[in-house]
Amino acid sequence: MPEFSTLEVECSDHVATVRLNRPQQANAMNGAMWKELRALGDWASEEPEVRAVVLSGEGKHFTAGIDLQLLMEIQSQIAPLGDGRKQEKLRRIIKDLQDSISAMENCTKPVIAAVHGCCYGGGIDLVTACDIRYATADARFCVKEIDLGIVADVGTLQRLPTVVPGGIARELALTGREFSGTEAAGFGLVNAVFENPGALLEHALGVARTIAAKSPLAVRGTKAILNHARDHGVAEGLDYVATWNAAMLQSTDLREAMTAFMQKREPVFEEA
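The sections below set out a description of the structure shown in this document. Keep in mind that this is a model prediction, so the values were computed, not measured. (Residues numbered from 1 in each chain as written. Predicted model: local features only at pLDDT ≥ 70, side-chain atom pairs only at ≥ 80, totals over all residues. Heavy atoms only, no water.)

1. Some words on the layout of surface pockets
Rules: A cavity here means a set of 1 Å grid points, computed over protein atoms only, where a 1.4 Å probe fits but cannot escape. A pocket is an open set with protein on both sides within 12 Å along at least 5 of 7 lines, and lining residues have an atom within 4 Å of a point. Grid points are joined across faces, edges and corners, and a volume is the space filled by probe spheres set on the points. For this scheme, ten residues count as nonpolar: Ala, Val, Leu, Ile, Met, Phe, Trp, Tyr, Cys and Pro. Four count as charged, namely Asp, Glu, Lys and Arg, and the remainder, Gly too, count as polar.
There is about 490 Å³ of room inside the largest pocket. Contributing to the lining of the largest pocket are 24 residues, with I66, L71, E145, I150 and D153 lying nearest its centre. For the lining of the largest pocket, a count of residues per class yields 16 nonpolar, 4 polar and 4 charged.

2. What about empty space enclosed by the protein?
This model, assessed by the stated rule, comprises 1 cavity of 30 Å³ or more. Volume-wise, the largest cavity comes out at about 50 Å³. Looking at the largest cavity, the residues that line it are P48, V50, R51, K109, I211, A212, K214, P216, V219, R220 and E271.

3. Topic: helix α1 (residues 31-46)
Quick note on the threshold: Each helix corresponds to a stretch of at least 4 residues labelled H or I by DSSP, and each strand to a stretch of at least 2 residues labelled E; elements are numbered beginning at the N terminus. Expected span of a helix, by definition, is 1.5 Å for each gap between consecutive residues, and there is one gap fewer than residues. Residue burial is assigned from relative accessible area. The probe radius is 1.4 Å, only protein chains are included, and a residue is buried under 20% of its type maximum, exposed over 50%, and partly exposed in between. The contact criterion used throughout is that any non-hydrogen atoms of two residues lie within 4.5 Å.
Relative to the 22 Å expected for 16 residues at 1.5 Å per residue, α1 spans 24 Å between its end C-alpha atoms, a close match to the ideal helical length. Here α1 has its buried residues at G31, M33, W34, E36, L37, L40, G41, W43, A44 and S45. Each element contacted by the buried residues of α1 is listed here: β1 (7-12), β2 (15-20), β3 (52-57), α2 (68-78), α3 (85-106) and α4 (122-128).

4. Looking at the sheet that holds strand β6 (residues 132-136)
Backbone-to-backbone hydrogen bonds pair the strands of a sheet. The strands run either parallel or antiparallel. Inclusion rule: In this scheme, strands are said to pair when DSSP sees at least two bridges between them. A fitted line through C-alpha atoms represents every axis, and for helices the fit uses only the stretch in contact; the resulting angles, taken between N-to-C directions, go from 0 to 180 degrees.
A sheet is described by the order of its strands in space; here 6 strands give the open sequence β1-β2-β3-β4-β6-β9, paired in mixed fashion. Edge positions in the sheet fall to β1 and β9 (193-194), since each has one partner strand and no second. Bridge count for strand β4 (residues 111-115) against β6 is 4 bridges, and the pairing is parallel. Bridge pairing in β6 places I112 opposite I132. Packed on one face of the sheet, α1 meets β1, β2 and β3 and runs near 15° to β1. Its contacts with the sheet put helix α8 (residues 197-212) on β2, β3, β4, β6 and β9, and the angle it makes with β6 is roughly 160°.

5. A word on unusual backbone geometry
Residue H14 is not a glycine yet carries a positive backbone phi of 70°. Tracing the chain through its elements places H14 in the loop between β1 and β2. Look at H14 and you get buried, because its relative accessible area is 18%. Residue K264 is not a glycine yet carries a positive backbone phi of 55°. If you trace the backbone, K264 turns up in the segment after α11 (252-263). For K264, a relative accessible area of 78% puts it in the exposed group.

6. So, the pairing of β1
Here β1 runs beside β2; their pairing, made up of 6 bridges, is antiparallel. Bridge assignment links C11 to a residue of β2, and that residue is A16. Connecting β1 to the antiparallel partner β2 that follows it, the hairpin turn spans 2 residues, and D13 within it adopts a positive phi of roughly 55°.

7. Looking at a nonpolar patch on the surface
For clarity, the threshold we go by: Patches here are clusters of residues that have more than 30% relative accessible area and form no salt bridge, with a 9 Å joining cutoff for like charges and a 5 Å cutoff for nonpolar side chains (Val, Leu, Ile, Met, Phe, Trp, Tyr). The method behind every accessible area is Shrake-Rupley, applied with a 1.4 Å probe, and residues are considered shielded solely by the protein chains displayed. The salt bridge definition used is simple: a Lys or Arg side-chain nitrogen within 4 Å of an Asp or Glu carboxyl oxygen.
A cluster of nonpolar side chains, namely L249, L254, M258, F261 and M262, defines an oily patch on the protein surface of about 570 Å² accessible area. Mapped onto the elements of the fold, F261 is located in helix α11. F261 gets classed as exposed once you look at its relative accessible area, which sits at 67%.

8. A short note on the pattern of salt bridges
The tally for this structure, following the rule as stated, stands at 13 salt bridges. Note that E183 and R177 form a salt bridge whose closest N and O atoms lie 2.7 Å from each other. A relative accessible area of 26% means that R177 is categorised as partly exposed. Salt bridges sharing partners connect three or more residues here, namely E105, R159, R230 and D231.

Note that every value here comes from positions in space, so none of it alone points to a role or purpose.
Shown next, in the form of C-alpha coordinates:
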(Lines give C-alpha, C1' and ligand atoms only; values in the text may rest on other atoms or scores of the structure.)
Protein backbone atom coordinates (compact mmCIF):
# COMPACT_ATOMS: atom_id res chain seq x y z
CA MET A 1 0.00 0.00 0.00
CA PRO A 2 1.31 3.50 -0.79
CA GLU A 3 1.98 5.86 2.09
CA PHE A 4 -0.89 8.33 2.51
CA SER A 5 -0.91 11.58 4.47
CA THR A 6 -4.43 12.80 3.65
CA LEU A 7 -6.22 9.45 3.43
CA GLU A 8 -6.77 6.81 6.12
CA VAL A 9 -6.89 3.37 4.51
CA GLU A 10 -7.71 0.01 6.08
CA CYS A 11 -8.40 -3.32 4.40
CA SER A 12 -10.55 -6.09 5.86
CA ASP A 13 -12.77 -8.81 4.37
CA HIS A 14 -11.63 -7.77 0.88
CA VAL A 15 -12.98 -4.24 1.42
CA ALA A 16 -10.73 -1.16 1.50
CA THR A 17 -12.21 1.42 3.87
CA VAL A 18 -10.90 4.87 2.92
CA ARG A 19 -11.46 8.11 4.85
CA LEU A 20 -10.57 11.57 3.62
CA ASN A 21 -8.42 12.57 6.58
CA ARG A 22 -8.10 16.35 6.99
CA PRO A 23 -10.93 16.79 9.51
CA GLN A 24 -9.64 20.10 10.88
CA GLN A 25 -9.98 21.54 7.35
CA ALA A 26 -13.36 19.86 6.69
CA ASN A 27 -11.41 17.42 4.49
CA ALA A 28 -10.74 20.17 1.95
CA MET A 29 -8.90 18.67 -1.02
CA ASN A 30 -5.35 20.01 -1.02
CA GLY A 31 -2.62 19.16 -3.52
CA ALA A 32 -1.53 16.06 -1.62
CA MET A 33 -5.06 14.67 -1.46
CA TRP A 34 -5.59 15.03 -5.20
CA LYS A 35 -2.38 13.06 -5.85
CA GLU A 36 -3.25 10.45 -3.24
CA LEU A 37 -6.72 9.85 -4.67
CA ARG A 38 -5.09 8.90 -7.96
CA ALA A 39 -2.61 6.65 -6.16
CA LEU A 40 -5.51 5.07 -4.26
CA GLY A 41 -7.36 4.20 -7.46
CA ASP A 42 -4.24 2.68 -9.00
CA TRP A 43 -3.42 0.70 -5.84
CA ALA A 44 -6.98 -0.65 -5.38
CA SER A 45 -7.07 -1.71 -9.03
CA GLU A 46 -3.90 -3.77 -8.71
CA GLU A 47 -4.24 -5.09 -5.13
CA PRO A 48 -5.72 -8.63 -5.22
CA GLU A 49 -6.86 -8.38 -1.59
CA VAL A 50 -9.18 -5.46 -2.47
CA ARG A 51 -12.47 -6.28 -4.17
CA ALA A 52 -14.45 -3.15 -3.24
CA VAL A 53 -13.74 0.31 -1.81
CA VAL A 54 -15.80 2.42 0.62
CA LEU A 55 -14.94 6.13 0.58
CA SER A 56 -16.02 8.39 3.46
CA GLY A 57 -14.82 11.43 5.39
CA GLU A 58 -13.20 11.66 8.82
CA GLY A 59 -14.78 14.11 11.27
CA LYS A 60 -17.90 16.19 10.69
CA HIS A 61 -17.84 16.35 6.88
CA PHE A 62 -17.22 14.36 3.73
CA THR A 63 -15.38 17.25 2.07
CA ALA A 64 -15.67 21.00 1.68
CA GLY A 65 -14.25 20.63 -1.84
CA ILE A 66 -11.03 21.97 -3.30
CA ASP A 67 -8.73 23.68 -0.80
CA LEU A 68 -8.60 27.40 -1.65
CA GLN A 69 -4.89 27.35 -0.77
CA LEU A 70 -4.38 24.99 -3.71
CA LEU A 71 -6.04 27.51 -6.03
CA MET A 72 -3.62 30.16 -4.78
CA GLU A 73 -0.68 27.80 -5.35
CA ILE A 74 -1.83 27.17 -8.93
CA GLN A 75 -2.03 30.90 -9.56
CA SER A 76 1.53 31.35 -8.28
CA GLN A 77 2.77 28.52 -10.53
CA ILE A 78 1.41 30.06 -13.71
CA ALA A 79 1.87 33.78 -12.87
CA PRO A 80 5.51 34.06 -14.08
CA LEU A 81 4.76 32.49 -17.46
CA GLY A 82 4.03 34.40 -20.63
CA ASP A 83 0.81 34.24 -22.61
CA GLY A 84 0.31 30.90 -24.28
CA ARG A 85 2.62 29.05 -21.91
CA LYS A 86 0.54 30.22 -18.95
CA GLN A 87 -2.63 28.81 -20.49
CA GLU A 88 -0.86 25.62 -21.55
CA LYS A 89 0.41 25.05 -18.00
CA LEU A 90 -3.03 25.69 -16.50
CA ARG A 91 -4.59 23.22 -18.92
CA ARG A 92 -2.06 20.56 -17.84
CA ILE A 93 -2.89 21.22 -14.18
CA ILE A 94 -6.62 20.90 -14.84
CA LYS A 95 -6.08 17.65 -16.74
CA ASP A 96 -4.02 16.34 -13.83
CA LEU A 97 -6.82 17.14 -11.37
CA GLN A 98 -9.32 15.47 -13.71
CA ASP A 99 -7.19 12.31 -13.69
CA SER A 100 -7.29 12.22 -9.87
CA ILE A 101 -11.09 12.19 -9.91
CA SER A 102 -11.31 9.76 -12.84
CA ALA A 103 -9.17 7.34 -10.81
CA MET A 104 -12.36 6.36 -8.94
CA GLU A 105 -14.19 5.67 -12.20
CA ASN A 106 -11.17 3.93 -13.76
CA CYS A 107 -10.52 1.80 -10.67
CA THR A 108 -11.34 -1.76 -11.68
CA LYS A 109 -13.03 -2.37 -8.32
CA PRO A 110 -16.38 -0.78 -7.36
CA VAL A 111 -16.10 2.40 -5.26
CA ILE A 112 -18.92 3.26 -2.84
CA ALA A 113 -19.21 6.82 -1.49
CA ALA A 114 -20.67 7.30 2.00
CA VAL A 115 -21.42 11.02 2.44
CA HIS A 116 -22.16 12.89 5.66
CA GLY A 117 -21.87 16.57 6.53
CA CYS A 118 -20.98 18.78 3.59
CA CYS A 119 -20.06 17.60 0.11
CA TYR A 120 -19.28 20.73 -1.89
CA GLY A 121 -17.63 21.50 -5.21
CA GLY A 122 -14.86 18.97 -5.72
CA GLY A 123 -16.78 16.58 -3.49
CA ILE A 124 -19.53 16.39 -6.14
CA ASP A 125 -16.85 15.68 -8.74
CA LEU A 126 -15.55 12.89 -6.53
CA VAL A 127 -18.81 11.15 -5.65
CA THR A 128 -20.18 11.26 -9.20
CA ALA A 129 -17.07 9.34 -10.27
CA CYS A 130 -17.93 6.61 -7.74
CA ASP A 131 -20.12 3.64 -8.61
CA ILE A 132 -22.63 3.80 -5.74
CA ARG A 133 -23.52 6.66 -3.38
CA TYR A 134 -25.23 6.75 0.02
CA ALA A 135 -25.68 9.69 2.40
CA THR A 136 -27.08 10.79 5.71
CA ALA A 137 -30.45 12.50 5.42
CA ASP A 138 -28.96 15.77 6.63
CA ALA A 139 -25.87 15.70 4.38
CA ARG A 140 -25.42 18.93 2.42
CA PHE A 141 -24.48 18.93 -1.25
CA CYS A 142 -23.60 21.88 -3.45
CA VAL A 143 -22.16 22.41 -6.93
CA LYS A 144 -20.26 25.39 -5.59
CA GLU A 145 -18.16 26.49 -8.55
CA ILE A 146 -20.75 28.87 -9.99
CA ASP A 147 -20.54 30.95 -6.80
CA LEU A 148 -16.77 31.23 -7.23
CA GLY A 149 -17.15 32.59 -10.75
CA ILE A 150 -15.74 29.48 -12.43
CA VAL A 151 -16.98 26.59 -14.53
CA ALA A 152 -16.74 23.20 -12.78
CA ASP A 153 -13.98 21.46 -14.70
CA VAL A 154 -13.03 18.12 -13.13
CA GLY A 155 -16.11 15.97 -13.76
CA THR A 156 -19.36 17.27 -12.27
CA LEU A 157 -20.74 18.76 -15.48
CA GLN A 158 -19.90 15.57 -17.39
CA ARG A 159 -21.04 12.95 -14.86
CA LEU A 160 -23.87 14.55 -12.87
CA PRO A 161 -26.23 14.63 -15.91
CA THR A 162 -25.73 10.86 -16.33
CA VAL A 163 -26.81 10.29 -12.71
CA VAL A 164 -29.71 12.74 -12.23
CA PRO A 165 -32.22 14.17 -14.77
CA GLY A 166 -30.68 16.75 -17.08
CA GLY A 167 -32.88 19.61 -15.88
CA ILE A 168 -31.96 18.91 -12.27
CA ALA A 169 -28.24 18.82 -13.12
CA ARG A 170 -28.54 22.20 -14.87
CA GLU A 171 -30.48 23.74 -11.99
CA LEU A 172 -27.93 22.62 -9.42
CA ALA A 173 -24.93 23.67 -11.53
CA LEU A 174 -26.37 27.06 -12.51
CA THR A 175 -27.79 28.12 -9.13
CA GLY A 176 -25.19 26.65 -6.77
CA ARG A 177 -27.97 26.00 -4.29
CA GLU A 178 -27.43 23.63 -1.37
CA PHE A 179 -29.52 20.47 -1.18
CA SER A 180 -29.87 17.74 1.45
CA GLY A 181 -29.19 14.03 1.38
CA THR A 182 -32.93 13.43 1.35
CA GLU A 183 -33.33 15.64 -1.72
CA ALA A 184 -30.31 13.96 -3.33
CA ALA A 185 -32.07 10.62 -2.91
CA GLY A 186 -35.13 12.03 -4.64
CA PHE A 187 -32.95 13.08 -7.57
CA GLY A 188 -31.27 9.68 -7.72
CA LEU A 189 -27.85 11.07 -6.81
CA VAL A 190 -27.72 8.77 -3.80
CA ASN A 191 -29.34 5.35 -3.49
CA ALA A 192 -30.53 5.69 0.11
CA VAL A 193 -30.23 7.96 3.14
CA PHE A 194 -29.55 7.16 6.79
CA GLU A 195 -30.14 8.93 10.10
CA ASN A 196 -26.51 9.10 11.20
CA PRO A 197 -22.96 8.48 9.93
CA GLY A 198 -22.68 5.20 11.84
CA ALA A 199 -25.71 3.65 10.14
CA LEU A 200 -24.54 5.09 6.82
CA LEU A 201 -21.09 3.51 7.04
CA GLU A 202 -22.48 0.21 8.31
CA HIS A 203 -24.76 -0.04 5.29
CA ALA A 204 -22.05 0.97 2.81
CA LEU A 205 -19.67 -1.61 4.25
CA GLY A 206 -22.39 -4.26 4.10
CA VAL A 207 -22.97 -3.57 0.41
CA ALA A 208 -19.21 -3.62 -0.21
CA ARG A 209 -18.86 -6.99 1.52
CA THR A 210 -21.73 -8.38 -0.54
CA ILE A 211 -19.95 -7.27 -3.72
CA ALA A 212 -16.61 -8.60 -2.43
CA ALA A 213 -18.14 -12.07 -2.07
CA LYS A 214 -18.98 -12.22 -5.78
CA SER A 215 -16.70 -13.34 -8.58
CA PRO A 216 -13.90 -10.73 -8.79
CA LEU A 217 -13.65 -11.30 -12.53
CA ALA A 218 -17.39 -10.78 -13.01
CA VAL A 219 -17.44 -7.68 -10.79
CA ARG A 220 -14.58 -6.04 -12.68
CA GLY A 221 -16.22 -6.93 -15.98
CA THR A 222 -19.62 -5.63 -14.91
CA LYS A 223 -18.15 -2.26 -13.91
CA ALA A 224 -16.25 -2.00 -17.19
CA ILE A 225 -19.35 -2.87 -19.25
CA LEU A 226 -21.57 -0.41 -17.34
CA ASN A 227 -19.06 2.41 -17.86
CA HIS A 228 -18.82 1.60 -21.57
CA ALA A 229 -22.61 1.38 -21.94
CA ARG A 230 -23.06 4.81 -20.34
CA ASP A 231 -20.89 6.42 -23.01
CA HIS A 232 -22.02 4.42 -26.07
CA GLY A 233 -25.19 3.36 -27.84
CA VAL A 234 -27.00 0.06 -27.25
CA ALA A 235 -25.65 -1.60 -30.40
CA GLU A 236 -22.05 -0.65 -29.54
CA GLY A 237 -22.57 -1.82 -25.97
CA LEU A 238 -23.91 -5.19 -27.06
CA ASP A 239 -21.01 -5.67 -29.44
CA TYR A 240 -18.53 -4.76 -26.69
CA VAL A 241 -19.99 -7.16 -24.12
CA ALA A 242 -20.10 -9.96 -26.70
CA THR A 243 -16.38 -9.51 -27.28
CA TRP A 244 -15.75 -9.25 -23.54
CA ASN A 245 -17.59 -12.47 -22.73
CA ALA A 246 -16.05 -14.30 -25.65
CA ALA A 247 -12.78 -13.77 -23.81
CA MET A 248 -13.97 -14.05 -20.18
CA LEU A 249 -17.05 -16.31 -20.06
CA GLN A 250 -15.23 -19.63 -19.79
CA SER A 251 -13.56 -18.77 -16.50
CA THR A 252 -12.64 -20.63 -13.34
CA ASP A 253 -14.97 -18.22 -11.52
CA LEU A 254 -17.92 -19.44 -13.57
CA ARG A 255 -17.05 -23.09 -12.85
CA GLU A 256 -16.67 -22.36 -9.13
CA ALA A 257 -19.98 -20.44 -8.99
CA MET A 258 -21.85 -23.28 -10.72
CA THR A 259 -20.21 -25.95 -8.57
CA ALA A 260 -20.95 -24.04 -5.35
CA PHE A 261 -24.57 -23.58 -6.42
CA MET A 262 -25.03 -27.30 -7.06
CA GLN A 263 -23.26 -28.19 -3.78
CA LYS A 264 -25.33 -25.59 -1.85
CA ARG A 265 -22.30 -23.77 -0.45
CA GLU A 266 -20.73 -20.34 -0.74
CA PRO A 267 -18.29 -20.03 -3.66
CA VAL A 268 -14.60 -19.42 -3.01
CA PHE A 269 -12.91 -17.39 -5.75
CA GLU A 270 -9.28 -16.75 -6.57
CA GLU A 271 -7.85 -13.53 -5.14
CA ALA A 272 -6.77 -11.86 -8.40
